[in-house]
Amino acid sequence: MMVREFVSLALVFSFSCVSAQTISTMTLSGTDWMSVQDVSQVSDAGNDLSNVIESATNQNIMDIRYTTSILILGIGANPFRIEVRKSDINWNGSIIPAVRRTGGTPDNSLLDILSNPSSITGGVNYQNITNISTTLFTGYGKVDNITLQYRFSGISLALPADDYETEIIYTMWDNE
Amino acid sequence: MNKNLNIIVFVCLMMVAVKENLSAQLLVSQSKNIGVSIGDIAIMDIEPSGEIQLATSSISEAGLGFSQPLAEDQSKWINYSCSDRSGNTKRIDVNVTAGSIPDGLILKLTAANYLRSGDGVLGISTGEKVLTSAPQVILDNIVRGYTGSGAGNGHRLTYTLEVDEFGDLSESSAAVVTVHFTITDN
């Protein structure tokens, strides 16, 4: 009797685990941001360009889902970590790019009985973006409408006039 | 008792197995480009605004000449902001575009080298120029940058009025001339 129950339970759990489906998606919408600095940005002869310029507060919008559905246990919110780095196309080291999170809505409609509810933490203050990947924010499960704002500092007419461009790369990691 | 223990152990093993599959993985990556485009800029002014007067004094005693220079003014400053995507340098030309300098007198202008709060690779003085209607370079080799705005920033201008030919002098109440500055590509 005991053996039979154990085997039955094992089968159920095995089936559940075989049926476990993990979804890990990150979408990034919105447009590239290219700030044009021309004569209209100089307030008076002799003045410099604004040293600090910012994009729209929702220049890019990220949606994240990192969940696991297990047949009899429901849908669990898994912990994720978002890192950010840049890969320079044409850049000048005097220009410092930074990014911050200006929004983000956890979706707690998940039937979550295994882990924490969906959530998002950190990233609300500007963080400089370097060529080394660093954590921007962490969270659990499904978070939508994560709005991202960029900032450049170090803009100046003392820099050679040119098009400076860099690729901002976001990576989503399991944060177990 | 044994049954319960087996169940607990099994559940734990299964949960560990599920969690192991999820640990420390790069899940997905996305990117966007950002950048800044610094365009061609050339903007210049003279600070403070308004006219200057170069008043001469009369000769105090018969037989004496004028002391040179007759008058001098250092109240004006050239301010500019510029950049050039092609890498061309710029210069600032100066000439008289209206009015005439009285006979026997010359009006000289010097732009000093840059001073104060700007940054960049700024213009170099070409020294003292005797102003005429023909444009002359007063600052050259401006690469890029900004001088700072307002009096006390940029390149100080020194106007001097001198007697050139005493014999050509004639009594005159006032002569007004317009001095024109142009920032242009080399």
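All figures in this text were calculated on a predicted structure; none of them were measured in a lab.

### Details of the overall build of chain A
Step number 1: Assigned secondary structure in chain A consists of 1 helix and 12 strands.
Step number 2: Reading chain A from its N terminus to its C terminus gives the helix and strand order α-β-β-β-β-β-β-β-β-β-β-β-β.
Step number 3: By the burial criterion, 44% of the 176 residues in chain A qualify as buried.
Step number 4: Within chain A, residue pairs in contact and separated by at least 24 positions form 81% of the contacts whose partners lie at least 6 positions apart.
Step number 5: A total accessible area of about 7,900 Å² is found for chain A, and carbon and sulfur atoms account for 53% of it.

### What to know about the overall build of chain B
Step number 1: The helix and strand inventory of chain B stands at 1 helix and 12 strands.
Step number 2: Out of the 186 residues belonging to chain B, those deemed buried represent 37%.
Step number 3: Sequence separation of at least 24 residues holds for 80% of the intrachain contacts in chain B that already meet a minimum separation of 6.
Step number 4: Total accessible area on chain B stands at roughly 9,900 Å², and carbon and sulfur atoms take up 49% of it.

### Details of the packing of aromatic side chains
All names here are of chain A.
Step number 1: The tally for this structure, following the rule as stated, stands at 3 aromatic pairs over all chains.
Step number 2: Between the aromatic rings of Trp 33 and Phe 152, the centroid separation amounts to 4.7 Å while the plane-to-plane angle is 10°, which identifies the pairing as stacked. Of this pair, Trp 33 sits in strand S2 (residues 33-37) while Phe 152 sits in strand S11 (residues 134-153), placing them 119 residues apart in sequence. Across the pair, Phe 152 and Trp 33 agree in class, each one buried.

### Points about the sheet that holds strand S12 (residues 178-185) of chain B
All names here are of chain B.
Step number 1: Spatial strand order, S7-S9-S4-S12: 4 strands in an open sheet with antiparallel pairing. With one partner strand each, in any of the chains shown, strand S7 (124-125) and S12 form the two edges of the open sheet.
Step number 2: Sheet topology note: the strand S4 (residues 90-98)/strand S9 (residues 136-142) ladder contains 4 bridges and is antiparallel. When the bridges of S9 are listed, Ile 92 appears paired with Leu 139.

### A word on the pattern of salt bridges
Side chains that differ in charge, positive against negative, can pair when their charged atoms come close.
Step number 1: Applying the stated criterion to the full structure yields 10 salt bridges over all chains.
Step number 2: One salt bridge in this structure joins A:Asp144 and A:Lys142, with 3.1 Å as the shortest N-O distance.
Step number 3: Classification of A:Asp144 by relative accessible area gives partly exposed; the value is 25%.
Step number 4: With a relative accessible area of 17%, A:Lys142 lands in the buried category.
Step number 5: For B:Lys90, the salt bridge goes to B:Asp185, with nearest N and O atoms at 2.6 Å. Remark: B:Asp185 occurs in strand S12 and B:Lys90 occurs in strand S4; sequence separation between them is 95 residues.
Step number 6: Of the residues examined, B:Lys90 reaches a relative accessible area of 5% and is grouped as buried.
Step number 7: Overlapping salt bridges, with partners in common, bring together A:Asp107, A:Lys142 and A:Asp144 in one network.

### Here's the deal with the environment of B:Gly145
Step number 1: Relative to the helices and strands, B:Gly145 resides in strand S10 (residues 144-146).
Step number 2: Filtering out sequence-adjacent residues up to four positions away, B:Gly145 remains in contact with A:Leu157, A:Ala158, B:Tyr80, B:Ser81, B:Cys82, B:Asp119, B:Gly120 and B:Leu122.

### A short note on the pairing of S4(B)
Step number 1: Pairing geometry for S4(B) and S12(B), over 8 bridges, is antiparallel. The partner of B:Lys90 across the bridge, within S12(B), is B:Asp185.

### Here's the deal with unusual backbone geometry
Excluding glycine, residues mostly carry a negative phi; peptide bonds, for their part, are mostly trans.
Step number 1: Here B:Glu47 and B:Pro48 are connected by a cis peptide whose omega angle stands at -10°.
Step number 2: Mapping B:Pro48 onto the fold places it in the loop between strand S2 (41-47) and strand S3 (71-83).

### A word on the nonpolar core
Step number 1: In this structure, A:Met62, A:Ile64, A:Ile82, A:Phe137, A:Phe152, A:Tyr170 and A:Met172 are the most contacted members of the largest nonpolar core, which totals 39 residues.
Step number 2: Of all elements in the fold, only strand S1 (21-30), strand S4 (60-70), strand S6 (79-90), S11 and strand S12 (163-174) of chain A together with strand S1 (26-38) of chain B reach the threshold of two or more residues within this core.
Step number 3: For this core, the element with the most residues is S11(A), which contributes 7 residues.
Step number 4: Of all hydrophobic cores here, the second largest spans 23 residues; its members include B:Ile92, B:Val96, B:Leu131 and B:Tyr159.

### Side note on the interface of chain B and chain A
Step number 1: Contacts between the two partners involve 48 residues from chain B, matched on the other side by 64 residues from chain A.
Step number 2: Buried area between chain B and chain A, summed over both chains or domains, comes out near 4,900 Å², and the portion from carbon and sulfur atoms is 64%.
Step number 3: On the chain B side of the contact with chain A, B:Lys32, B:Ile34 and B:Val36 bury the most area, a combined 17% of that side's loss.
Step number 4: Inspection of the chain B/chain A interface yields 1 salt bridge.
Step number 5: Where chain B packs against chain A, one counts 29 residue pairs in polar contact (both at pLDDT 80 or more).

### Thoughts on a negative patch on the surface
Residues and elements named next belong to chain B.
Step number 1: A cluster of acidic residues, Asp 103, Asp 164, Glu 165 and Asp 168, forms a negative patch on the protein surface.
Step number 2: Locating Asp 103 in the fold gives a position in the loop between S4 and strand S5 (105-111).
Step number 3: For Asp 103, a relative accessible area of 57% gives the class exposed.

### Things to note about the side chain of A:Asp174
Step number 1: The topology assignment puts A:Asp174 in strand S12.
Step number 2: Within the structure, the side chain of A:Asp174 is placed 2.6 Å from the side chain of A:Tyr66, a separation counted as a polar contact.

What counts and how
Residues numbered from 1 in each chain as written. Chains lettered and ligands numbered in written order. Predicted model: local features only at pLDDT ≥ 70, side-chain atom pairs only at ≥ 80, totals over all residues. Heavy atoms only, no water. Helix = DSSP H or I, 4+ residues; strand = E, 2+ residues; numbered from the N terminus. Buried < 20%, exposed > 50% of the residue type's maximum accessible area, 1.4 Å probe, protein only. Contact = heavy atoms within 4.5 Å. Areas by Shrake-Rupley, 256 points an atom, 1.4 Å probe, with all protein chains shown as cover. Phe/Tyr/Trp six-rings, centres within 6.5 Å; stacked < 30°, edge-to-face > 60°. Pairing = 2+ DSSP bridges. Salt bridge = Lys/Arg side-chain N within 4 Å of Asp/Glu carboxyl O. Core = buried A, V, L, I, M, F, W, Y, C linked by side-chain atoms within 4.5 Å. Buried area = accessible area lost by both parts, 1.4 Å probe. Polar contact = N/O pair within 3.5 Å; in protein donor to acceptor, adjacent residues only side chain to side chain. Patch = residues over 30% accessible without salt bridge, like charges linked within 9 Å, V, L, I, M, F, W, Y side chains within 5 Å. Lys, Arg positive; Asp, Glu negative; His and termini not counted. Charge placed at Lys NZ, Arg CZ, Asp CG, Glu CD.

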